[in-house]
Amino acid sequence: MAFLSLGITIFSIFCITRLPIFASESEAPNKHTLETYIVHVEAPDAHLMSHSQSEDLESWYRSFLPATTASTSEDETRLVYSYRHVFKGFAARLSPNHVKDMEKKNGFISARPQKPMSLHTTHSPNFLGLTQNTGFWKHSNYGKGVIIGVLDTGVLPEHPSFSDKGMPPPPARWKGKCQFNHTTCNNKIIGARYFSAEYLSPLDDDGHGTHTASTAAGNFVEGANVFGSANGTAAGVAPLAHLAIYKVCCGEGDILAGMDAAVEDGVDVLSLSLGLETINFRQDAIAIGAFSAMQKGIFVSCSGGNGGPFSGLVRNGAPWILTVGASTIDRKLGARAVLGNKQQFDGQSAFQPRNFPKKLFPLVYAGMLNASDEYAPYCFNESLSQSNIRGKIVVCELGGPRIQKGAVVKSGGGVGMILLNYEEYANTTSADVHVIPTTHLSYADGLKIKAYINSTRNPSATISFQGTLIGDDHHAPVVAAFSSRGPNYPSPGILKPDILGPGVNILAAWPTSVENKHNTKSTFNIISGTSMSAPHLSGVAALLKSAHPHWSPAAIKSAIMTSADVVNLAHNPIEDEKSLPANVFATGAGQVNPSRANDPGLIYDINPKDYVSYLCGLNYTNRQVGIFLQRRVNCSVESSIAEAQLNYPSFSINFYGKSTSQVYTRTVTNVGEADSSYRVVISPPRGVDVQVEPTTLKFSKINQKLKYEVKFKLLASAPNTTFVQGFLKWTSQNHSVRSPIAVSLKELH
């Protein structure tokens, strides 16, 4: 999410919509009061609808716009988007006074200013167990025939990752458009559209969209690397899936328009590496749009955000969305700091100069160069401009654009940079494409380096570059420091994030050469963030959709979650950025395991109508629930359920201010062997008694459904802590179906 292609490299782009033109100056509201509003209205009565439902909807929407003297032309400018699929409503340029007038009209529900949203691999498919010409990758036909819609900053279609070599034609059901001016789409990129008056084409002028699209479904490209590092064959997770590109960044109205178009065009999977801060789903454009997509059988994968390691900042937490956290892979681009006292500290950098001298250089801590400047440790331009750093290696603190720090050091005559993590990021380091010899080190190693500098009159160091190291890190996968954590504030009874995917130092396509090469289009970059992990899961969903075309979005999500890995390569529990066992609000169900997800044994399915009871249980008003359903709803007539009663593949139980004994049911569907028996295994959270009835589930046919009941009881022995965690799993001879359990004992502030 966040244009944090990184928890680590931070991008921030906001889209600006042009102002309308008025017939005369006297008729125009103050320019500064005009904003793009997202307007929700009721569906028009059936008798108002004719054979052309699309035209009738737009006419209905225009009836809410303020009266003008130049009605047609001004309406065209005022009405930014008419939504037909994601919800009933529109985006329009309005003043607060216009909205007040609109509120008096029959059929009006709500209007609010749109919010800007932030954008939140040669090896990662292999790390996930996907191997060419064998196993699940082959069995799923590499995602052949599945269409992944990517809502992002656009794409560079000429990149070899988007070659259509070996690709079949688009499915006959495809209805999308190609809006490139300079080229045409092909059998890989089968559609490309752009939204907002700021854009003239779906071309990517940022890089983020090209990177995410190629991560999800890029074709095979040999010799992919950055400065010779991470060299290998690049491929997306679903390399034979089709791509539909929607350039939307980053206003709410644009994103809703992109989702609306994607639903109409016929995508199978939606991938969004962006989001916004919200306290409820009814004001979350992505949650509303994703609900309509889910109703039409479209799987939606979203980044969970880059707000970690702090609690409660996970984004895109609606239960009909797969919410993805970020983890490391077992590849490092080694860069070792060697000090004058022979101490050595291993870090990372994508820039790996082969001719950097092995001799020791004077070492200086930037914070000591200008003690009166509180920003000096961060190597900002003004802080170092008056300092003598020529011929020295400069130690800089993390904070602000990392690559820019190196540029500042280089412009001052420095020969290298050692970048130190701040305490919260602990051991999560990035392999950036630096402009100067650099290594990025952990917080603990940074303390030792600063202690060394303070211990001697003439500190010195050099940087030794180790190249690409694969399989050397048995701690992988590790939860990235920046990966947003739960609990899920808009709905605490739904555990989020759902899953972890590769999101640290991911190599994928880039529209320009970070090495300033002008003789090739095979250009790549290495960046990090949940923006990178979400398209990995979009690709996995495409593989599962190809292998199991009749599975619902909830079934695919269940298969991904209940089959996830909970241990690292060393067979120890997955760790966090501090090398401690990661908690369930960081990992969700665990690290995705695509091959196991293909054969989960049991699934927790959810019918779209089941979400009505869930939404009513959130105490939303009838009108607020109706926004999602696009029809009138009466929650007093509908059944209403507690959040934790939704047939979700995980459990999030809240005891604070609630009953100390709670009972919930789940229904599982057999998608494994016809005759199979599962017994329950429970690892109860500390201080909580967990009872399951029945303790054995016996199936006699495929697609048979069976129910079980879980009783959670808070014990007097419960610890004085915020939350506790455990799991329950159903095991058979061939399957293990695991559901994590989070129990909140106190409200998190």
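This one's a predicted model, so the numbers in the text were calculated from it and none came from an experiment.

Trainee: Explanation requested: the overall build of the protein chain in the structure shown.
Mentor: Broken down by element type, the protein chain carries 17 helices and 33 strands. Against the 2.2 N^0.38 benchmark of 27 Å for 749 residues, the protein chain shows a C-alpha radius of gyration of 27 Å, consistent with a compact globule. The burial tally for the protein chain puts 61% of its 749 residues in the buried class. Total accessible area computed for the protein chain in this model is approximately 28,900 Å², and 49% of it derives from carbon and sulfur atoms. For the protein chain, the distance from the average site of its 64 positive side-chain charges to the average site of its 58 negative ones is 4 Å.

Trainee: Just to check I follow, could you spell out unusual backbone geometry for this structure?
Mentor: One can expect most non-glycine residues to show negative phi and most peptide bonds to be in trans. Residue Ala476 is joined to Pro477 through a cis peptide bond whose omega torsion reads -5°. Secondary-structure assignment places Pro477 in the loop between strand E21 (460-470) and strand E22 (499-502). Between Gly486 and the following residue, Pro487, the backbone shows a cis peptide bond with an omega angle of 5°. For Pro487, the position within the fold is in the loop between E21 and E22. A positive phi angle is found at Asn141, which is not glycine, with a value near 55°.

Trainee: Teacher, can you tell me more about the packing of aromatic side chains here?
Mentor: In this description, a pair of aromatic rings is defined by centroid distance and the angle of the planes. Inspection of every chain in the model, using the stated rule, returns 29 aromatic pairs. With 6.2 Å between their ring centres and 80° between their planes, Phe356 and Phe465 make a pair best called edge-to-face. With a gap of 109 residues between them, Phe356 in the loop between strand E16 (344-348) and strand E17 (361-365) and Phe465 in strand E21 connect regions that are remote in the sequence. Note on accessibility: Phe356 and Phe465 belong to one class, buried. Among the aromatic side chains, those forming a connected cluster through ring pairs are Phe281, Phe291, Trp320, Tyr611, Tyr614, Tyr620 and Phe628.

Trainee: Could you clarify how one ought to interpret the nonpolar core in this entry?
Mentor: Side chains that are nonpolar tend, in soluble globular proteins, to be buried together. Grouped together as the largest cluster of nonpolar side chains are 109 residues, with contacts concentrated most on Ile148, Tyr246, Leu270, Leu272, Trp320, Ile560 and Leu615. The leading source of residues in this core is helix H8 (residues 285-295), at eight residues. Discounting chain neighbours no more than four positions away, the residues touching Tyr246 are Gly149, Val150, Leu151, Asp152, Trp174, Arg193, Phe195, Gly258, Ala261, Ala262, Asp265 and Val267. Core analysis: the next-biggest nonpolar cluster, separate from the first, contains 25 residues, Phe651, Val680, Val690 and Tyr708 among them.

Trainee: I would appreciate a short explanation of the sheet that holds strand E28 (residues 676-683) in the present structure.
Mentor: Strands in a sheet are paired, the pairing made by backbone hydrogen bonds, and the direction either parallel or antiparallel. Taken together, the five strands give an open sheet; going across it, the order is E26-E33-E32-E28-E30, and neighbouring strands pair in mixed fashion. At either end of the open sheet lies a strand with only one pairing partner, and these are strand E26 (651-654) and strand E30 (696-699). Taking each pair of neighbouring strands and ignoring which way they run, the sheet shows an average axis angle of 20°. Bridging between E28 and strand E32 (residues 723-731) involves five bridges; their strand directions are antiparallel. Residue pairing for E32: Arg679 is matched across the bridge by Thr731.

Trainee: Looking at this structure, how should I read the confidence of the model for the protein chain?
Mentor: Low pLDDT means the predicted coordinates in that region are not meant to be read closely. In the predicted model, the protein chain carries a mean pLDDT of 90, and 92% of its residues have values of at least 70. Per-residue pLDDT stays below 50 along residues 1-32; that stretch engages in 111 contacts with residues further than four places along the chain or on separate chains.

Trainee: Looking at this structure, I do not really get empty space enclosed by the protein. What am I missing?
Mentor: The gaps left among the atoms become clear once a water-sized probe is rolled over them. Within this model, the largest cavity holds a volume of roughly 60 Å³. Looking at the largest cavity, the residues that line it are Met294, Ile298, Phe299, Val300, Pro319, Trp320, Leu322, Pro553, Ala554, Lys557 and Tyr611. Of all the secondary structure elements, the ones that give two or more residues to the lining of the largest cavity are strand E13 (299-303) and helix H13 (553-562). The biggest single contributor to the lining of the largest cavity is H13, with three residues. For the lining of the largest cavity, a count of residues per class yields 10 nonpolar, no polar and one charged.

Trainee: What exactly am I supposed to notice about the sheet that holds strand E27 (residues 661-670) here?
Mentor: With antiparallel pairing, the four strands of this open sheet are ordered in space as E25-E27-E31-E29. The open sheet has two edge strands, strand E25 (602-603) and strand E29 (688-693), and neither has a second partner. Direction of pairing for E25 relative to E27: antiparallel, over a ladder of two bridges. The residue bridging Leu602 from the neighbouring strand is Asn670, located in E27.

Trainee: Help me understand the state of the cysteines, please; the structure alone is not making it clear to me.
Mentor: Should the sulfur atoms of two cysteines be covalently bonded, the bond is a disulfide. In total, this model carries three disulfides according to the counting rule given. Here Cys178 connects covalently by a disulfide to Cys185, the sulfurs 2.2 Å from one another. Negative torsions about the S-S bond denote left-handed disulfides, and the value of about 95° found for Cys178 with Cys185 makes this one right-handed. Judged by its relative accessible area of 34%, Cys178 is partly exposed. For Cys379, the disulfide goes to Cys396, at an S-S distance of 1.9 Å. Note on the Cys379 and Cys396 pair: the S-S dihedral is about -90°, so by sign convention the disulfide is left-handed. Of the two residues, Cys379 is situated in the loop between E17 and helix H9 (381-384) and Cys396 in strand E18 (residues 393-397); the sequence distance between them amounts to 17 residues.

Trainee: Got a minute to help me understand the packing of helix H6 (residues 208-217) against helix H12 (residues 530-547) in this structure?
Mentor: Axes are the key here: two packed helices are described by the angle between their axes and the distance separating the axes. Viewed as axis vectors pointing N to C, H6 and H12 meet at an angle of 35°, and their least axial separation amounts to 7 Å. Here H6 runs over H12; the crossing is right-handed. Contacts between H6 and H12 pair His208, His211, Thr212, Thr215 and Ala216 from the former with Ser531, Met532, Pro535, His536 and Gly539 from the latter.

Trainee: Honestly, the pairing of strand E19 (residues 416-420) in this entry has me stumped. Any pointers?
Mentor: Strand residues, when the strand is regular, have side chains that alternate between the two faces of the sheet. A large share of E19 lies buried, amounting to five of its five residues. Residue alternation in E19 divides its side chains into two sets, Gly416, Ile418 and Leu420 and Met417 and Leu419, and both sets are buried. Looking at chain direction, E18 and E19 are connected through five bridges and run parallel. Considered in E19, the bridge of Val395 is made with Ile418. Assessed by its sense of winding, the connection that carries the chain from E18 through helix H10 (residues 402-411) to E19 is right-handed. Alignment of E19 against strand E20 (residues 438-441), held across four bridges, turns out to be parallel. Bridge assignment links Leu420 to a residue of E20, and that residue is Leu441.

Trainee: Where do I start with the pattern of salt bridges in this structure?
Mentor: Once their charged atoms are close, side chains differing in charge can pair, the charge on each being opposite to the other. Following the criterion strictly, the structure yields 17 salt bridges and no others. A salt bridge links Glu577 to Arg485; the nearest nitrogen and oxygen atoms lie 2.6 Å apart. Note that Glu577 is positioned in the loop between H13 and helix H14 (584-587) and Arg485 in the loop between E21 and E22, a separation of 92 residues in sequence. One exposure class covers both Glu577 and Arg485, and it is buried. One salt bridge connects Asp498 with Lys496, and the closest N-O pair in it is separated by 2.6 Å. In this structure, Asp498 and Lys496 share a single accessibility class: buried. It is possible to trace a salt-bridge network through shared partners that takes in Glu42, Arg623 and Arg632.

Trainee: Quick question: what am I supposed to make of the side chain of Glu42 here?
Mentor: On the secondary structure map, Glu42 appears in the loop between strand E1 (35-41) and helix H1 (53-62). Taking relative accessible area as the criterion, Glu42 reaches 17% and is therefore assigned buried. In this structure the side chain of Glu42 is engaged in a polar contact, spanning 2.9 Å, whose partner is the side chain of Arg632. Beyond its immediate chain neighbours, meaning those up to four positions away, Glu42 contacts Trp60, Gly107, Ile109, Arg623 and Arg632.

Cut-off values and rules
Residues numbered from 1 in each chain as written. Predicted model: local features only at pLDDT ≥ 70, side-chain atom pairs only at ≥ 80, totals over all residues. Heavy atoms only, no water. Helix = DSSP H or I, 4+ residues; strand = E, 2+ residues; numbered from the N terminus. Rg over C-alpha atoms; globule rule 2.2 N^0.38 Å. Buried < 20%, exposed > 50% of the residue type's maximum accessible area, 1.4 Å probe, protein only. Areas by Shrake-Rupley, 256 points an atom, 1.4 Å probe, with all protein chains shown as cover. Lys, Arg positive; Asp, Glu negative; His and termini not counted. Charge placed at Lys NZ, Arg CZ, Asp CG, Glu CD. Phe/Tyr/Trp six-rings, centres within 6.5 Å; stacked < 30°, edge-to-face > 60°. Core = buried A, V, L, I, M, F, W, Y, C linked by side-chain atoms within 4.5 Å. Contact = heavy atoms within 4.5 Å. Pairing = 2+ DSSP bridges. Axes fitted to C-alpha atoms, helices over the stretch in contact; angles between N-to-C directions. pLDDT = per-residue confidence, 0-100. 1 Å grid on protein atoms, 1.4 Å probe; cavity = no way out; pocket = protein on both sides within 12 Å on 5 of 7 lines; lining within 4 Å. Points joined across faces, edges and corners; volume = space filled by probe spheres on them. Nonpolar A, V, L, I, M, F, W, Y, C, P; charged D, E, K, R; others polar. Disulfide = S-S within 2.5 Å. Left-handed = near helix turned anticlockwise from the far one by under 90°. Right-handed = clockwise from strand over helix to strand, strands pointing away. Salt bridge = Lys/Arg side-chain N within 4 Å of Asp/Glu carboxyl O. Polar contact = N/O pair within 3.5 Å; in protein donor to acceptor, adjacent residues only side chain to side chain.

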